[in-house]
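The chain contents come next:
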There are 2 protein chains.
Amino acid sequence: MLGSVIIDRLVTALRCLPGVGPKSAQRMALHLLERNRERGRQLAAALLDAMDQVGHCHLCRTLTELPVCRICASEKRNRSLLCVVETPADAAAIEQGTDYRGLYFVLLGHLSPLDGIGPEALGLDVLARRLHDEDLAEVIIATSSTVEGEATAHYVSEIVRQHGVRVTRIAYGIPLGGELEFTDSGTLTHALSGRREFGESP
Amino acid sequence: MLGSVIIDRLVTALRCLPGVGPKSAQRMALHLLERNRERGRQLAAALLDAMDQVGHCHLCRTLTELPVCRICASEKRNRSLLCVVETPADAAAIEQGTDYRGLYFVLLGHLSPLDGIGPEALGLDVLARRLHDEDLAEVIIATSSTVEGEATAHYVSEIVRQHGVRVTRIAYGIPLGGELEFTDSGTLTHALSGRREFGESP
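Residues numbered from 1 in each chain as written. Chains lettered and ligands numbered in written order. Predicted model: local features only at pLDDT ≥ 70, side-chain atom pairs only at ≥ 80, totals over all residues. Heavy atoms only, no water.

If you tally the helices and strands in chain A, you get 8 helices and 7 strands. Along the longest, intermediate and shortest principal axes, the C-alpha atoms of chain A span 65 × 35 × 35 Å. In chain A, once contacts between residues fewer than 6 apart in sequence are set aside, the share between residues at least 24 apart is 56%. Here chain A displays about 9300 Å² of accessible surface, and carbon together with sulfur accounts for 52% of that area. The average position of the 21 basic charges and that of the 26 acidic charges among the side chains of chain A differ by 8 Å. (Helix = DSSP H or I, 4+ residues; strand = E, 2+ residues; numbered from the N terminus. Contact = heavy atoms within 4.5 Å. Areas by Shrake-Rupley, 256 points an atom, 1.4 Å probe, with all protein chains shown as cover. Lys, Arg positive; Asp, Glu negative; His and termini not counted. Charge placed at Lys NZ, Arg CZ, Asp CG, Glu CD.)

Structural data, given as structure tokens:
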């Protein structure tokens, strides 16, 4: 299109980024080539490092380059509280927006039988082992308030109850149908502090 | 923030892309890590190839990995017509949106004395040499209709006139104050065919 195979390939590759269409991709490619080659190289190096070195925390399954992530390894956290979220971005939203200082468990998705995502894919065996091995006082379920998030919450709550651990759900302060990741911190704090026993009417 | 130095570095690096803020960068990083590692590696490879191998065409100064770009090397182009544009994206817009089949000359910017961008930075010495060496019948000036684009057009037109070559300016079909790169192809075609002698009143 611009008569360069290499630039065309870069434009195509940039479109793997979410929210980037053909025009944005072209603008990004030309911006880097014309003004910012060094930062383009740094981006390539950061991408390779991340794609090759980032794995999952053995305890909470969040994305990290360490065997056990910093939060799970920290001695300052309340180890009797466990918050179950769908994605690392959800954990980051709670971490940044509230004063929660317990541990996390990241499902890396939600139950979706039609897409073949069952309990094993969400690491619920790992969660069950932790419930058995660790001295947890409460599990807070903070999946999104979507249909799949609710179904997942229900399924997880059953597992927690089987281990005799108190299970709570963050309050419906968050907008119905909304995604947890994009909720403001005030609403998130409210939802955390207003959590209720699973199954209890509001 | 997510407790991972490598992910933080990737999020920071992604912000070098135009139009990408902290939230988008985090979303992009997590999207690649969770779902698309192979395409993330392909993006890194495409970035490195482009940053290291893409240079400028010796004739028209557009971005290309070849010594002379495909358009300048093509035997199918009308070699007596030369269209002067500010950026490779502008050349691409004309190429995609109109039936122009002459050659291009890419200034890679516009005159901007306050930013230290003078005639040399725009390769006007290369243009003067081409005007002397080649058998050009007409130079079409297609800089943007911004203040800097107009000033650049005037400066370039003087150089072309000194070589006794006809010089034209694309018509004011394009919206005033607008950027050429984002003009629709109908307006671009109209502007090209309605070009007029430089200095002539509309």
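Having put the structure on the table, let's press on.
In this section: the pairing of strand E3 (residues 81-85) of chain A. Residue and element names in this part refer to chain A. Most of E3 is tucked away: 5 of the 5 residues are buried. Alternating residues of E3 divide into Leu81, Cys83 and Val85 and Leu82 and Val84, and every residue in both groups is buried. Pairing of E3 with strand E4 (residues 103-106), which is carried by 4 bridges, proceeds in the parallel orientation. By the bridge assignment, cysteine 83 is partnered in E4 with tyrosine 104. (Buried < 20%, exposed > 50% of the residue type's maximum accessible area, 1.4 Å probe, protein only. Pairing = 2+ DSSP bridges.)

A few words on the interface of chain B and chain A. Residue-level contacts link 52 residues of chain B with 53 residues of chain A. In total, chain B and chain A occlude about 5500 Å² of area from one another, counting both sides; carbon and sulfur atoms represent 69% of this. For the salt bridge of Arg41(A) with Asp52(B), the shortest nitrogen-to-oxygen distance reads 2.7 Å. At the junction of chain B with chain A, the criterion picks out 15 residue pairs in polar contact (both at pLDDT 80 or more). (Buried area = accessible area lost by both parts, 1.4 Å probe. Salt bridge = Lys/Arg side-chain N within 4 Å of Asp/Glu carboxyl O. Polar contact = N/O pair within 3.5 Å; in protein donor to acceptor, adjacent residues only side chain to side chain.)

Here helix H2 (residues 22-35) of chain A crosses helix H5 (residues 88-97) of chain B at 145°, and the two axes come no closer than 10 Å. Between H2(A), through Gln26(A), Leu30(A) and Glu34(A), and H5(B), the contact on the second element is made entirely by Pro88(B), Ala89(B) and Ala92(B). Across the contact of H2(A) with H5(B), the residue classes tally to 4 nonpolar, 1 polar and 1 charged. (Axes fitted to C-alpha atoms, helices over the stretch in contact; angles between N-to-C directions. Nonpolar A, V, L, I, M, F, W, Y, C, P; charged D, E, K, R; others polar.)

We now examine the pattern of salt bridges. Counted according to the given criterion, the structure contains 18 salt bridges over all chains. Across the pair Arg9(A) and Asp49(B) runs a salt bridge whose closest N-O atoms are separated by 3.5 Å. Of the two residues, Arg9(A) is situated in helix H1 (residues 5-14) and Asp49(B) in helix H3 (residues 37-53); the pairing between them involves two chains. Exposure remark for Arg9(A): the relative accessible area of 44% places this residue in the partly exposed category. A cluster of three or more residues bridged by salt bridges with shared partners is formed by Glu38(A), Arg41(A) and Asp52(B).

Turning to the packing of helix H1 (residues 5-14) of chain B against helix H2 (residues 22-35) of chain B, a few remarks are in order. All names here are of chain B. Running from amino to carboxyl end, H1 crosses H2 at an angle of 125°, the nearest separation of the two axes being 8 Å. Comparing their axes, H2 and H1 come out oblique. The element H1 and its partner H2 pack so that their crossing is right-handed. Where H1 approaches H2, its residues Ile7, Leu10, Val11 and Leu14 are matched on the opposing element by Pro22, Ala25, Gln26, Met28, Ala29 and Leu33. (Parallel < 35°, antiparallel > 145°, perpendicular 65-115°, else oblique. Left-handed = near helix turned anticlockwise from the far one by under 90°.)

So, on to the environment of Val139(A). The topology assignment puts Val139(A) in strand E5 (residues 138-141). Looking at Val139(A), the relative accessible area reads 0%, which means it is buried.

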